[in-house]
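Examining the three-dimensional arrangement
Below are the chains, spelled out letter by letter.
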Amino acid sequence: TFAAGMAARGLRPVVAVYSTFLQRAYDQIIHDVALGGLPVVFAVDRAGIVGEDGRTHQGVFDISFLRDGPGMTVMAPADDVELEAMFSWALSHDGPCAIRYPRSVVHRVHAPRDAGPVQVGRAHLLKDGRDVTVAALGPMVQRALEASRILSIRGVSCAVVDARFAKPVDADLILGHAAKTGLLVTVEDGAAAGGFGSAVAEAAGARGLGHIGLVRLGVPDRFVEHGTRDGLLSAMGLDGAGIAAAVEPALAALTGRRTTDVGTR
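On a predicted model such as this, the values are computed, not experimentally measured, just so you know.

1. Points about the overall build of the protein
- From N to C terminus, the protein includes ten helices and eleven strands.
- Its C-alpha radius of gyration of 18 Å places the protein within 12% of the 18 Å reference for a compact globule of 265 residues.
- Summarising its shape, the C-alpha atoms of the protein cover approximately 60 × 40 × 35 Å along the three principal directions.
- Buried positions account for 54% of the 265 residues belonging to the protein.
- Look at the contacts in the protein between residues 6 or more apart in sequence, and 80% of them connect residues 24 or more apart.
- For the protein, the exposed surface amounts to about 11,300 Å²; the carbon and sulfur share of it is 54%.
- Placing the 26 positive and 28 negative side-chain charges of the protein at their respective mean positions leaves the two points 3 Å apart.

Below you can see the structure in the form of structure tokens.
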């Protein structure tokens, strides 16, 4: 609310806050910031699985509740290159936005020369493929690339899309490429219920693309216990091996039939 007042007086405030604490301010986000379309930047730290801080601090709900705010933009960088570019864009954006990033070391997937101006709602095709399209958000991009390498050894051609935006999603790129492969897998380190995958499913429904097989991978509908970040992600099938393991039965299921939603995890 203090940041909203600053923004209303012409300043450009950045609210740096853990994801788990931001959820306590949901009403302020909606009523004080989004309602007025104020240019407040939310730097959402410890987004996703935080590991050893335990289930009270897992930052898995921010995508779901930030998507609710009309006019809100929600971004997740795949690496430091995108993080810098997104902050540069956010500080000149005339509306509320959020940038979520993990409590983790994230490996670089983009060359510094790729850090051009951010275009709102635009994803990036990192790797082309014929059999399946994997659209990953934020730090899940690295794991999607690992899954693509695993699948290539098994004879599966896997495209990888760096989604960049949870709101607005790049429906043109993600669904356009998925229409070519026939199978789309979304991957996020947040709650599957109402998250990035849900946003993609909504876009597919609005476009009448029920013939595309869809698998949504994310944090299941439960509170996540204490553990290492990598260990917990692996246990939930959100590492390279887990993503690859989810792709293979979905491809098999689509061989003889097509469903709107092959599965949700």
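2. Topic: the nonpolar core
- Leu22, Phe42, Leu66, Ile174, Leu175, Leu184 and Phe196 are the most contacted members of the largest nonpolar core, which has 39 residues in total.
- If you list the elements that add at least two residues to this core, you get α1 (2-8), α3 (26-34), β2 (41-45), α4 (62-66), α7 (171-181) and α8 (196-206).
- In terms of residue count, α8 provides more of this core than any other element does, five residues in total.
- If sequence neighbours within four positions are ignored, Phe42 has contacts with Val15, Leu22, Ile29, Val33, Met72, Cys97, Ala98 and Ile99.
- Listed in part, the 32 residues of the second largest apolar core include Ala144, Leu233, Ala250 and Leu254.

3. Observations regarding α8
- Regarding α8, the residues found buried are Phe196, Gly197, Ser198, Ala199, Val200, Ala203 and Ala204.
- Here the buried face of α8 lies against α4, β6 (132-136), β8 (165-167), α7, β9 (183-191) and β10 (213-219).

4. So, the sheet that holds β8
- Strand order in the open sheet formed by five strands is β1-β2-β4-β3-β8, and the pairing between neighbours is mixed. The open sheet is flanked by β1 (14-18) and β8, the only strands paired with a single partner. With direction set aside, neighbouring strand axes in the sheet form an average angle of 20°.
- Where helix α5 (residues 80-90) meets the sheet, its contacts fall on β1, β2, β3 (73-75) and β4 (97-100), and the angle it forms with β4 comes to roughly 165°.

5. Overview of the packing of α7 against α8
- Between α7 and α8, whose axes approach to 11 Å, the crossing angle comes to 75°. By the angle class used here, α7 and α8 are roughly perpendicular. Seen from α7, the contacting residues are Ala171, Ile174 and Leu175; seen from α8, they are Phe196, Val200, Ala203 and Ala204.
- Split by residue class, the contact of α7 with α8 holds seven nonpolar, no polar and no charged.

6. A look at the pattern of salt bridges
- For the coordinates displayed, the defined rule picks out twelve salt bridges.
- Between Arg164 and Glu82 there is a salt bridge, with its nearest N and O atoms 2.5 Å apart. With a gap of 82 residues between them, Arg164 in the loop between β7 (158-162) and β8 and Glu82 in helix α5 connect regions that are remote in the sequence. Accessibility assignment for this pair places Arg164 and Glu82 in one class, buried.
- A salt bridge links Arg229 to Asp189; its shortest N-O distance comes to 3.5 Å. Note that Arg229 is positioned in helix α9 (residues 229-235) and Asp189 in strand β9, a separation of 40 residues in sequence. There is no split in this pair, since Arg229 and Asp189 are both buried.

7. Comments concerning the packing of aromatic side chains
- Here the structure, examined in full by the defined rule, presents three aromatic pairs.
- Judged by centre distance (5.4 Å) and plane angle (5°), the rings of Tyr18 and Phe21 are stacked.
- You can call Phe21 partly exposed: its relative accessible area is 37%.
- Arranged with centres 6.3 Å apart and planes meeting at 75°, the rings of Phe61 and Phe223 form a pair that is edge-to-face.

8. Structural notes on the pairing of β7
- Here β7 lies mainly inside the structure; five of its five residues are buried.
- Bridge count between strand β5 (residues 124-127) and β7: three bridges; the pairing is antiparallel. Each residue of the ladder has a partner; that of Lys127, found in β7, is Val160.
- Where β6 lies against β7, five bridges are found, and the strand directions are parallel. When the sheet's bridge partners are listed, Thr133 is paired in β7 with Ala159.
- For the segment spanning β6, helix α6 (residues 140-153) and β7, crossover handedness is right-handed.

Rules of the game
Residues numbered from 1 in each chain as written. Predicted model: local features only at pLDDT ≥ 70, side-chain atom pairs only at ≥ 80, totals over all residues. Heavy atoms only, no water. Helix = DSSP H or I, 4+ residues; strand = E, 2+ residues; numbered from the N terminus. Rg over C-alpha atoms; globule rule 2.2 N^0.38 Å. Buried < 20%, exposed > 50% of the residue type's maximum accessible area, 1.4 Å probe, protein only. Contact = heavy atoms within 4.5 Å. Areas by Shrake-Rupley, 256 points an atom, 1.4 Å probe, with all protein chains shown as cover. Lys, Arg positive; Asp, Glu negative; His and termini not counted. Charge placed at Lys NZ, Arg CZ, Asp CG, Glu CD. Core = buried A, V, L, I, M, F, W, Y, C linked by side-chain atoms within 4.5 Å. Pairing = 2+ DSSP bridges. Axes fitted to C-alpha atoms, helices over the stretch in contact; angles between N-to-C directions. Parallel < 35°, antiparallel > 145°, perpendicular 65-115°, else oblique. Nonpolar A, V, L, I, M, F, W, Y, C, P; charged D, E, K, R; others polar. Salt bridge = Lys/Arg side-chain N within 4 Å of Asp/Glu carboxyl O. Phe/Tyr/Trp six-rings, centres within 6.5 Å; stacked < 30°, edge-to-face > 60°. Right-handed = clockwise from strand over helix to strand, strands pointing away.

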